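Each chain is listed here by its residues.
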Amino acid sequence: MDYKFPKEFMFGTSTAAYQIEGGWNEDAPSGIMNSLNPEGIAYYNRLIDELINNDIIPLVTMYHWDLPQYLQDLGGWVNPIMSDYFKEYARVLFTYYGDRVKWWITINEPKEVCKGYAYKGYAPYLNLNNTGFYLAAHTQLIAHGKVYRLYEEIFKHSQQGKISISISGVFFIPKNAESVDDINAAERANQFERGLFSHPVYKGDYPPIMRKWVDKKSKEEGIPWSKLPTFTEDEIKLIKAYVTSVDEAWLKPSVAPWLIPVPDGLRQLLIWLKNEYGNPPLIITENGYGDNGQLDDFDRISYIKGYLNATLRAIHENNCNVIGFSVWSLLDNFEWMYGYSIHFGLVKVDFNDPQRTRIPKASYTFFKNVVSTGQLATPSIS
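Keep in mind that what you see is a predicted model, and the values were worked out from it rather than measured.

Attention now goes to the packing of helix H5 (residues 110-118) against helix H7 (residues 180-203). Interhelical geometry of H5 versus H7 gives an angle of 105 degrees and a closest axis separation of 10 Å. Here H5 lies roughly perpendicular to H7, going by the angle between them. On H7, the residues touching Pro-110, Lys-111 and Cys-114 of H5 are Phe-192, Glu-193 and Phe-197. Split by residue class, the contact of H5 with H7 holds 4 nonpolar, no polar and 2 charged.

Let us now look at the pairing of strand S7 (residues 322-328). A large share of S7 lies buried, amounting to 6 of its 7 residues. The pairing of strand S1 (residues 10-14) with S7 spans 5 bridges and is classified as parallel. Bridging across to S7, Met-10 finds its partner in Gly-324. As defined by bridge partners, strand S6 (residues 282-287) adjoins S7 across 4 bridges and the pair is classed as parallel. Directly across from Ile-283, in S7, lies its bridge partner Gly-324. The handedness of the S6 to S7 crossover, carried by helix H11 (residues 298-318), is right-handed.

Turning to unusual backbone geometry, a few remarks are in order. Omega for the peptide link from Ala-123 to Pro-124 comes to 10 degrees, which places this bond in the cis form. Assignment of secondary structure puts Pro-124 in the loop between H5 and helix H6 (129-159). Phi at Trp-65 is positive, roughly 65 degrees, even though this residue is not glycine. Among the structural elements, Trp-65 can be located in the loop between strand S2 (59-63) and helix H3 (69-73). Here the phi dihedral of Tyr-125 falls at roughly 65 degrees; this positive angle occurs in a residue that is not glycine. Residue placement: Tyr-125 occurs in the loop between H5 and H6. Note on Tyr-125: relative accessible area 41%, which makes it partly exposed.

This brings us to the pattern of salt bridges. It is possible for side chains bearing opposite charge to pair when their charged atoms get close. All told, the structure shown has 17 salt bridges when counted by the stated rule. With its nearest N and O atoms 2.8 Å apart, the salt bridge here joins Arg-100 to Asp-49. Of this pair, Arg-100 sits in the loop between helix H4 (82-97) and strand S3 (103-108) while Asp-49 sits in helix H2 (residues 38-53); the two residues are 51 residues apart in sequence, bridging distant segments of the chain. For Asp-49, a relative accessible area of 32% corresponds to the partly exposed category. Between Arg-313 and Asp-264 there is a salt bridge, with the nearest N and O atoms lying 3.7 Å from each other.

Quick look at the packing of aromatic side chains now. Taken as a whole and judged by the stated rule, the model has 26 aromatic pairs. Ring centres of Tyr-96 and Tyr-97 lie 6.5 Å apart, and the angle between their planes is 50 degrees; this geometry places the pair in the tilted category. With a relative accessible area of 36%, Tyr-96 lands in the partly exposed category. The exposure class of Tyr-97 is buried, given its relative accessible area of 6%. Between Phe-133 and Tyr-134 the ring centres are 5.3 Å apart and the planes differ by 90 degrees, which places this aromatic pair in the edge-to-face class. Taken together, the ring pairs in this structure connect Tyr-18, Trp-65, Tyr-119, Tyr-122, Phe-334, Trp-336, Tyr-340 and Phe-351 into an aromatic cluster. The ring of Trp-213 carries the charged tip of Arg-188 above its face, separated from the ring centre by 4.8 Å.

Criteria and thresholds
- Residues numbered from 1 in each chain as written.
- Predicted model: local features only at pLDDT ≥ 70, side-chain atom pairs only at ≥ 80, totals over all residues.
- Heavy atoms only, no water.
- Axes fitted to C-alpha atoms, helices over the stretch in contact; angles between N-to-C directions.
- Helix = DSSP H or I, 4+ residues; strand = E, 2+ residues; numbered from the N terminus.
- Parallel < 35°, antiparallel > 145°, perpendicular 65-115°, else oblique.
- Contact = heavy atoms within 4.5 Å.
- Nonpolar A, V, L, I, M, F, W, Y, C, P; charged D, E, K, R; others polar.
- Buried < 20%, exposed > 50% of the residue type's maximum accessible area, 1.4 Å probe, protein only.
- Pairing = 2+ DSSP bridges.
- Right-handed = clockwise from strand over helix to strand, strands pointing away.
- Salt bridge = Lys/Arg side-chain N within 4 Å of Asp/Glu carboxyl O.
- Phe/Tyr/Trp six-rings, centres within 6.5 Å; stacked < 30°, edge-to-face > 60°.
- Lys NZ or Arg CZ within 6 Å of the ring centre and 35° of its normal.

Now the structure itself:
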């Protein structure tokens, strides 16, 4: 088979401000809407203009794990007021950049954000268990809904953009495909893993199996209410909307221990999303491979090619509505708790050089060829 990507298919590479830009302690982005940072606004105006001048369509993520300290001190995402702060933050972004930015992601990987409130493994490094996890999820969903409605009501008519949310998560496959118990267990796991954020957006509430399970467990623990919050009718109306869902695939282990090598798992995930939510348009916003930084990164090429092929099969064989694919990452970067020890970039960054010298890797040439041809023929690499 020699499938090609549709002519209008969007290819990209992803980055995150906190991980590549630095300058976290410069100026004052406090998080308060009546105290804007003109230098920050000017910086992103220049960045957006430069992308557009080079025929690159900006797809902007509003929140990628970088909450201002003042807002974290208020409780962060477990405090319901954060949804209002986030709405006003989004208003600033739409006002200053919405004339040029037509693709928006509200929150990147909200489930991973929740983990930072559940146990000490992610920032903000709290240990609030499932209570913190579900409260953070609930507030993020309401925040997403408020931003979506703000755009629809005030900005969409003039700006004509799209609002989405980037939902991460592994895909669970039954250990025994003939076992009803295994099939049900895998589906329950998928509902918990992905339905936590997808279900409220597409269907107005948490997955029924999730509601039943968490309510039951909370009662067994002697808690007089469920750890999983309940949406009001107004909140359901706020959140439920047919939007461009952005799912992510981080699926190959390398020096990054959390990635698992199952390219066909991505295709099955896309089929699951199609069947569960009516085949919405999807963009894969992060698909990446971590290594030790070598320029001849042939393992990365093999990895990206495998997942691009899985995407092509989902499009052509399963009629999945996948409209874009973005590789993580354009540049080697600061990989959270792993620092600079894991390299994801298509471009190598020398962090020992004060000038941060950048050198394209073999994978850069490979992906450039895919983008220009729309197919997976591997170019000769010397």
